[in-house]
Amino acid sequence: MKPSPWRDLAVGSFVLIGLAAIGYLSLQVGGVSYKGRGGLLLYASFDEVGGLKARAPVAVAGVTVGQVKSIRLDDFLRARVTLDVDEALELPVDSSAGIRTAGLLGDQFIALEPGAEEELLVSGEEIAYTESALSIERLIGRFVHDSGIEND
Amino acid sequence: MIGRRVQGSVQGLGRRSLDAVVGLGRMAAFVGTVASHAVRPPWRLRRLVDEIFDVGVLSVAIVCLSGATVGAVLGLQGYVTLSRFGAANSLGAVVGLVLVRELGPVLTALLVTGRAGSAMAAEIASMVTTNQVDGLRMMSIDPVDFVVRPKALAMLFAMPMLNALFIVFALFGGYAVGVELLGLDGGTYVTSMEESIDLRNDVAGTLLKSVVFGALVGAIATYRGYTSEPTAAGVSAATTSTVVTASVAVLVFDYVITALWGV
């Protein structure tokens, strides 16, 4: 087959477009969900994390400031969650962390509520005040139980 | 009388099983030879570029068109079903995951088998029929090195690119139907897609699948062509069996990869 510059150009463009498509899939579509800065590592222990997963968003007043880095069981059989949030964030030491659900059937995320202290949380510290995930089954169970007592 | 007939059918089963095993072994030996040539110079880059043109560039149009159509129809079907549960906002996640995990690599492999794999087998088979392969051997040129290797490598190389193109066009097709036609919010569509697709599991998985499928289709097409009967019927048999075997192999390996890696 005779060498043809046009054919070489077509193959070169094909390779470039193919690599661009792979890059688009990897970086844009498959990228991490939170693209902001991390650096401030905080820990929080919960009695119940429900459906919380690693990479779930961490939000202050509804604005995403970081993500859940890992979830594991600690020595006291509570769920120990590591949060990776923007290091520029100035959170008071008495801030609290709660597991919330976006909408009725949405994914779970961690909502941080700033406290009132002057002192700020630094990397590696523990968030003392936590609020576990709301379990619908437990809620219904309590409701049924309570209404049963009232009927007696 | 009946005993002899039973004996005959059992013998037939045994012969067919042996043939199947011998065929698989021959193919494995052939793939091994091609692979050992592939990592040794001379690299024959000019031959490789020509084959990538045939397999890759000429398949771009059909892959992009099919991708856009598949994405659009997924958007439509997904919308109808999801809106029944009031979950139409996760259309982006559904379309994206289905495409990246399954439909992208599998449909691309099936399309490329029909578009380029059959042509590859037919070309080699007619070279066998017209004694061109023997002619190469007479000039002490190894036909596996000169003819088979560039074709198989081109298939391996072009498949991931075509797969990525297919998925990107399908994502745009789904976006066009979901957002432009059905009026979903564009930001919600894109965000739910981007949040549900994971780089390590989904995107790496689709690339792994397409590389494996490329190797499979390339190996089957060249093997069927290279071992075809040197007759006109042999050419058509090689083409047919390439399409049938490669399609089945792609579907079976898709299940195996999904089961093993969970992608």
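Because the structure is predicted, anything quoted here is derived from the model rather than measured. (Residues numbered from 1 in each chain as written. Chains lettered and ligands numbered in written order. Predicted model: local features only at pLDDT ≥ 70, side-chain atom pairs only at ≥ 80, totals over all residues. Heavy atoms only, no water.)

Draft legend 1. Spatial organisation of the domain arrangement of chain B. Residues and elements named next belong to chain B. When cut into domains, chain B gives domain 1 (1-40) and domain 2 (45-261). The straight-line distance from the C-alpha centre of domain 1 to that of domain 2 is 28 Å. Contact residues are listed per partner, giving 10 residues for domain 1 and 12 residues for domain 2. Taken together, both faces of the contact between domain 1 and domain 2 bury some 880 Å²; the carbon and sulfur share is 80%. Put simply, domain 1 and domain 2 have zero salt bridges between them. In this assembly, domain 1 and domain 2 are joined by three residue pairs in polar contact (both at pLDDT 80 or more). The residue inventory of the side of domain 1 that touches domain 2, partitioned by class, reads five nonpolar, three polar and two charged. (Domains from an automatic or database assignment. Contact = heavy atoms within 4.5 Å. Buried area = accessible area lost by both parts, 1.4 Å probe. Salt bridge = Lys/Arg side-chain N within 4 Å of Asp/Glu carboxyl O. Polar contact = N/O pair within 3.5 Å; in protein donor to acceptor, adjacent residues only side chain to side chain. Nonpolar A, V, L, I, M, F, W, Y, C, P; charged D, E, K, R; others polar.)

Draft legend 2. Looking closely at the pattern of salt bridges. Applying the stated criterion across every chain yields a total of 16 salt bridges over all chains. A salt bridge links D50 of chain B to R7 of chain A, with the shortest nitrogen-to-oxygen separation between them at 4.0 Å. Highlighted residues: D50 of chain B in helix α2 (residues 45-55) and R7 of chain A in helix α1 (residues 5-29), drawn from two different chains. R7 of chain A gets classed as buried once you look at its relative accessible area, which sits at 17%. With its nearest N and O atoms 2.8 Å apart, the salt bridge here joins D254 of chain B to K209 of chain B. Placement of D254 of chain B in helix α9 (residues 232-261) and of K209 of chain B in helix α8 (residues 199-226) is noted, with a sequence separation of 45 residues between them. The exposure class of D254 of chain B is buried, given its relative accessible area of 8%. Take K209 of chain B: its relative accessible area is 0%, and that puts it in the buried class. (Helix = DSSP H or I, 4+ residues; strand = E, 2+ residues; numbered from the N terminus. Buried < 20%, exposed > 50% of the residue type's maximum accessible area, 1.4 Å probe, protein only.)

Draft legend 3. Region of interest: the interface of chain A and chain B. Counting from both sides, the interface comprises 24 residues of chain A and, opposite them, 27 residues of chain B. For the pairing of chain A and chain B, the buried interface totals around 2,300 Å² over both sides, and the portion due to carbon and sulfur atoms is 74%. Together, F14, L25 and V29 of chain A form the three largest contributors to the area buried by chain A at its contact with chain B, with a combined 28%. There are two salt bridges connecting chain A and chain B. If you look at where chain A meets chain B, you find one residue pair in polar contact (both at pLDDT 80 or more). Here the residues of the side of chain A that touches chain B are counted per class, giving 14 nonpolar, six polar and four charged.

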